Amino acid sequence: MIRSVITGTGSALPAKCVTNAELAERVDTSDDWIVERTGIRQRYIADETEFTSTLATKAARAALEAAGIDASEIGLIVLATATPDHTFPATATQVQAALGCGGGVAFDVQAVCSGFLYALATADSMLRTGMAQKALVIGAETFSRILDWEDRTTCVLFGDGAGAVVLEAQDVAEDGPGILASRLHAEGAHKDMLYVDGGPSTTGTVGHLRMKGREVFRHAVVNLADVLTEVLADTDLGAEDIDWVVPHQANARILDATARKLDLPTEKVVVTVDRHANTSAASVPLALDTAVRDGRIKAGDLVMFEAMGGGFTWGASLARM
Ligand code: UT7
């Protein structure tokens, strides 16, 4: 059967790391509060020479190298971001130009923190229907550019970065590698709980992120547990078969609560929120690349990806590496 197989991963972070203590010099917060409520200890912040496209290109190059393929073989780039370089063209096309692999398909997907799950499921569908053979799926963000640095309830939570995977259509055996199942959801009625108060069609400004954190937290735990259960039900696998969960890195407490709800041991959950903070669409592929490169995630492992974000949007995918 034809499946989309992850054959390489890569990631990129801005050069500048900002600790909680450094943030506490600018806003009324403390390392203790941030660590206790979120698990975040530091985040990376892009400087004026680093953009969503440059971070995405760096991550894509690393993923291509890991997959052992040349950029010219890529026929599809799906890039998830809520912080594109420009309103248009799509940042994916900028990455395509930087990689020198023009002529194929390249577009952005906007589902905020769930963006990578939306991009992965979209690319998977397109590969399985033969629209391309090899794809780059990228999550890349510069959320630091849409934060209100006076608002301590949000500015301490986010960071910048990018992650990428090479996805290849391969004819594999039933128990072989590839994406086994994906589920996506959206519920637009919850827009006011997490949104940006600007945009080209409304204010004409870029705007700032606004979030009712406690409400988002409550929905996240319920929605994530539900969608993980749905994806498992699409396969003949159970929670006990999962080797690793690579979740969206919003808050260590959400990761713990979701794992508890599904009876998953916390040792199976890849956590990078302490180092990267919440990098929105970049967080899942950044965490995946971290765990692949440090040797935790290996060929044959069953890995669950999941995320929830603004919209609300949420989703999960189960893949054998
Ligand atoms: O990626 C998209 C999805 N996003 C998420 O999943 C985020 C989900 N939500 C969360 O992670 C948590 O709700 C937060 C980390 C955002 C907040 O944690 P919380 O335990 O829900 O705190 P809270 O918002 O209820 O605030 C508790 C207190 C408040 O003070 P009072 O009203 O109790 O006096 C806040 O003003 O903490 C205060 N506070 C802070 N204090 C120090 C809020 N932010 C800060 C801060 N430093 N940075």
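**Section: the sheet that holds strand β5 (residues 105-109)**
- With mixed pairing, 5 strands are arranged side by side in an open sheet as β1-β7-β6-β4-β5. The open sheet is flanked by β1 (2-12) and β5, the only strands paired with a single partner. Between one strand axis and the next, the sheet turns by 20° as a mean value, whatever way the strands run.
- Note that strand β4 (residues 76-80) and strand β6 (residues 134-142) share 5 bridges and pair parallel. Across the sheet, residue Leu79 finds its bridge partner in β6, namely Ile138.
- On top of the sheet, helix α3 (residues 52-67) reaches β1, β4, β6 and β7 (160-171); it is set at about 125° to β1, its chief contact.

**Describing the packing of aromatic side chains**
- For the coordinates displayed, the defined rule picks out 1 aromatic pair.
- Each ring, one from Phe143 and one from Phe158, has its centre 5.3 Å from the other, and the planes form 35°; the classification is tilted. A residue pair is termed long-range when its members are at least 10 positions apart, and Phe143 in the loop between β6 and α6 (152-155) and Phe158 in the loop between α6 and β7 qualify at 15 residues.
- Taking the relative accessible area as the measure of exposure, Phe143 reaches 2% and is therefore buried.
- Over the ring of Trp149 we find Arg26; its NZ or CZ atom is 4.9 Å from the centre of that ring.
- The positively charged end of Lys191 is found above the aromatic ring belonging to Tyr195, 5.0 Å away from the centroid.

**Section: the site of the ligand**
- Contacts to the ligand come from 23 residues, most closely from Thr29, Arg37, Arg214, Asn251 and Asn278.
- A distance of 2.9 Å is found between a nitrogen atom of the ligand and a backbone nitrogen or oxygen belonging to Arg152.
- Here an oxygen atom of the ligand and a side-chain polar atom of Asn251 are 2.6 Å apart.
- Contact with the protein chains covers 75% of the free accessible surface of the ligand, which is 960 Å².
- A total of 4 residues in the shell around the ligand trace back to one element, the largest contributor, which is helix α7 (residues 213-233).

**Some details on the confidence of the model for the protein chain**
- On average, residues of the protein chain score 97 in pLDDT, and 100% of them reach the 70 mark or higher.
- Highest mean pLDDT in the protein chain belongs to β4 (99); lowest belongs to helix α8 (residues 252-261) (90).

About the cut-offs
- Residues numbered from 1 in each chain as written.
- Predicted model: local features only at pLDDT ≥ 70, side-chain atom pairs only at ≥ 80, totals over all residues.
- Heavy atoms only, no water.
- Pairing = 2+ DSSP bridges.
- Helix = DSSP H or I, 4+ residues; strand = E, 2+ residues; numbered from the N terminus.
- Axes fitted to C-alpha atoms, helices over the stretch in contact; angles between N-to-C directions.
- Contact = heavy atoms within 4.5 Å.
- Phe/Tyr/Trp six-rings, centres within 6.5 Å; stacked < 30°, edge-to-face > 60°.
- Buried < 20%, exposed > 50% of the residue type's maximum accessible area, 1.4 Å probe, protein only.
- Lys NZ or Arg CZ within 6 Å of the ring centre and 35° of its normal.
- Near = heavy atom within 4 Å.
- Polar contact = N/O pair within 3.5 Å; in protein donor to acceptor, adjacent residues only side chain to side chain.
- Areas by Shrake-Rupley, 256 points an atom, 1.4 Å probe, with all protein chains shown as cover.
- pLDDT = per-residue confidence, 0-100.

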